[in-house]
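Breakdown of the fold
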Amino acid sequence: MYLPRFAFEKPTSLKEASSLLTEKAVKSTLLAGGTDLLPRMKYGVADPERLISLKGLGVSAPKVLPEGDLILDGASTLASVALSPEVAENAPLLAAAAGRVATREIRNVATLAGNLCQDTRCLYFNQRHTFQFVEPCFKRGGDFCYFIPKGKKCWAVYMSDTAPALICLGAKIQVEGDGAGALLDLEALYSGDSLHPLTIGSDTIISGIRVPPTGGTRGWAFSKLTLREGMEFGALNIAVLLETGKDPGTCTRARIAVGAVSPAPVRALKSEGLLVGGPFSPALLAEAARQVAEEVTVIPHHGYSKWYLTRALEVEALNALTRAVNQLTGGR
Amino acid sequence: MRTKPSKRLLELTINGETYELAVEPQETLSEVLRNRIGLTGVKEGCGTGECGSCTVLVEGEPVLGCLLLAVECERKRVETIEGQAEEGVLTPVQQAFLEKGAVQCGFCTPGMVLASTALLKRRPNPSEEEIQEALEGHLCRCTGYNKIMEAVLHAASSAADKR
């Protein structure tokens, strides 16, 4: 399967990269790891005229600031994030999520910012349309959805594993380009629109990710549901971060984010509210898991039915919450 | 306006030899290795990163040749299956694949061998879970994976015996 022809630039500074991206005469796209972009180009569903590689900019190693913030380079590979001692110590939830993305071969090349900026996916869209489908779907500029033919919009889902983890951690992203040097909440990066899942423009570069320190004692868990383990996009994923004060049994802060079931990662706010304040008990965790499945509306995708995903979400939520609480209470 | 792509001069070290090539931006590493250098041990299956058969080592780490632009590998050290055996003597991993019957049609074998070689360099005595993790991106439709698992464990224990 061959790539279409395109021009190629490899700038050596962020300023140069931004300036190339803003040249309107040529339809340009950033190339980081390319593991999401290049298959779409091979399928013919992305067709940039020019790729601007970020490989010439260099990559900074993860570092921890004196105030405790963990700073990650947007161009860090997922393998380096998953294996970094700094990340393991300061944000183990992120290390676990990064280590569950695809395969080692892909993690060795794919970048953290690229994983956050991946396009939404659909069983019909992510294929070669030239011989399988005739009518262009919403994602390809048409007005038709193969998944729900009578639907009025695109139903593709956002699959990143690292986004829910970073949202739980309250991460911010450093944005260069049209938002010149702005620091945005990661949650604000996602529009919830399958067609245009990101709120930043295509002439914007995510140069860094800042993860604030966790207060108190933390318990965390990342779960990804796949039928065969190994290299698969998740049927769903869920990240949980719980914090306690002096009493390890009482929750002071709870974060639950669910991914791969909708056009953007979703926080389970009501469930988080149930957990905060109350002492952990099996009944409370079961109630919180049930609440997650109730408040997060799942889109059936890639052969998984809505009924199955909703049931699976409750089971995975309970598993993740139980693991997080066990960390806090030492298995009590 | 679509600008005309221009060829770029690329220097690659492949299996210890340095090559200078003029490549188009859209040429992937596996295309350059197969079509320009003639290293057809790099198998391209799906072409979209799902089967692992185009795996090569870049700077000692396994990557997918089908999803890596050749122009992104400037001055990088690339290893393919052809560079593994020296003067006809198989590496411990290749020998173990042979002895344990982990090779059938052979299409996935180069990728499996290279990913296993990188794993054993990183973890000389891996657990079964670590082997599964290292090989999870490699599809094999012949062996059922058990023989491959046995081969990697055998290669690890043979190397340990020699140490």
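All values derive from a computational prediction rather than experimental measurement.

A complete count under the given rule lists zero disulfides over all chains for this structure. For Cys251 of chain A, which is in no disulfide, the shortest distance to another cysteine sulfur is to Cys168 of chain A and amounts to 12 Å. The class for Cys251 of chain A is buried, based on a relative accessible area of 2%. The cysteine Cys140 of chain B is free of any disulfide, with Cys108 of chain B supplying the nearest cysteine sulfur at 3.8 Å. Given a relative accessible area of 6%, Cys140 of chain B falls into the buried group.

All names here are of chain A. The assigned domain composition of chain A is domain 1 (64–117 + 157–211) and domain 2 (217–329). Between domain 1 and domain 2, the C-alpha centre-to-centre distance is 20 Å. With 29 residues of domain 1 in contact, the opposing surface of domain 2 contributes 29 residues. Three residues stand out in domain 1 for area buried against domain 2, namely Arg100, Met159 and Cys168, and they jointly supply 28% of the buried area on that side. The interface formed by domain 1 and domain 2 includes three salt bridges. The shortest N-O distance in the salt bridge between Arg100 and Glu229 comes to 3.6 Å. Where domain 1 meets domain 2, there are 10 residue pairs in polar contact (both at pLDDT 80 or more). Secondary-structure elements contributing two or more residues to the side of domain 1 that touches domain 2 are helix 4 (85–90), helix 5 (92–99) and helix 9 (162–168). The element contributing the most residues to the side of domain 1 that touches domain 2 is helix 9, with five residues.

The interface is formed by 34 residues belonging to chain B together with 36 residues belonging to chain A. Note on chain B versus chain A: buried area summed over both sides is about 3100 Å², and carbon and sulfur give 51% of it. Between the two partners, chain B and chain A, sit four salt bridges. With a closest N to O distance of 2.4 Å, Arg107 of chain A and Glu133 of chain B form a salt bridge. For the pair chain B and chain A, the interface holds eight residue pairs in polar contact (both at pLDDT 80 or more).

Looking now at the packing of aromatic side chains. Residues and elements named next belong to chain A. One pass over the full model with this rule turns up four aromatic pairs over all chains. Pairing Tyr124 with Tyr146 gives two aromatic rings, centres 6.1 Å apart and planes at 15°, and the pair type is stacked. Here the residue Tyr124 occupies a position in the loop between helix 7 (112–116) and helix 8 (129–132), and Tyr146 occupies one in the loop between helix 8 and helix 9, the gap between them amounting to 22 residues. Between Phe144 and Tyr146, the ring centres sit 4.9 Å apart and the planes meet at 85°, which makes this aromatic pair edge-to-face. Ring pairs connect the aromatic residues Tyr124, Phe144 and Tyr146, which therefore count as one cluster. Taking NZ or CZ as reference, Lys153 lies 4.8 Å from the ring centre of Trp155, over its face.

Turning to the sheet that holds strand 10 (residues 236–244) of chain A, a few remarks are in order. Residues and elements named next belong to chain A. If you trace the four strands from one edge of the open sheet to the other, you get 9-10-11-12, paired in antiparallel fashion. Strand pairing shows two members of the sheet lacking a second neighbour, strand 9 (217–225) and strand 12 (266–267), which therefore form its edges. For strand 9 and strand 10, the ladder comprises nine bridges, and the chain directions are antiparallel. Of the residues in strand 10, the one forming a bridge with Ser223 is Ile238. Running at roughly 150° to strand 9, helix 12 (residues 306–329) makes contact with strand 9, strand 10 and strand 11 (251–259) of the sheet.

Before going further, it helps to spend a moment on helix 5 (residues 146–162) of chain B. Residue and element names in this part refer to chain B. The end-to-end C-alpha separation of helix 5 is 24 Å, in line with the 24 Å expected for 17 residues at 1.5 Å each. Among the residues making up helix 5, those that are buried are Ile148, Met149, Ala151, Val152, Ala155 and Ala156. Taken down its axis, helix 5 places every buried residue within 165° of arc, on the same side. Set apart from the buried face of helix 5 by more than 90 degrees, the exposed residues are Asn146 and Asp161. Where helix 5 is buried, its residues meet helix 2 (92–99), helix 3 (109–122) and helix 4 (128–135).

Here is what the cut-offs are and how they apply
Residues numbered from 1 in each chain as written. Chains lettered and ligands numbered in written order. Predicted model: local features only at pLDDT ≥ 70, side-chain atom pairs only at ≥ 80, totals over all residues. Heavy atoms only, no water. Disulfide = S-S within 2.5 Å. Buried < 20%, exposed > 50% of the residue type's maximum accessible area, 1.4 Å probe, protein only. Domains from an automatic or database assignment. Contact = heavy atoms within 4.5 Å. Buried area = accessible area lost by both parts, 1.4 Å probe. Salt bridge = Lys/Arg side-chain N within 4 Å of Asp/Glu carboxyl O. Polar contact = N/O pair within 3.5 Å; in protein donor to acceptor, adjacent residues only side chain to side chain. Helix = DSSP H or I, 4+ residues; strand = E, 2+ residues; numbered from the N terminus. Phe/Tyr/Trp six-rings, centres within 6.5 Å; stacked < 30°, edge-to-face > 60°. Lys NZ or Arg CZ within 6 Å of the ring centre and 35° of its normal. Pairing = 2+ DSSP bridges. Axes fitted to C-alpha atoms, helices over the stretch in contact; angles between N-to-C directions. Expected span 1.5 Å × (residues − 1). Arc of directions from axis to C-beta.

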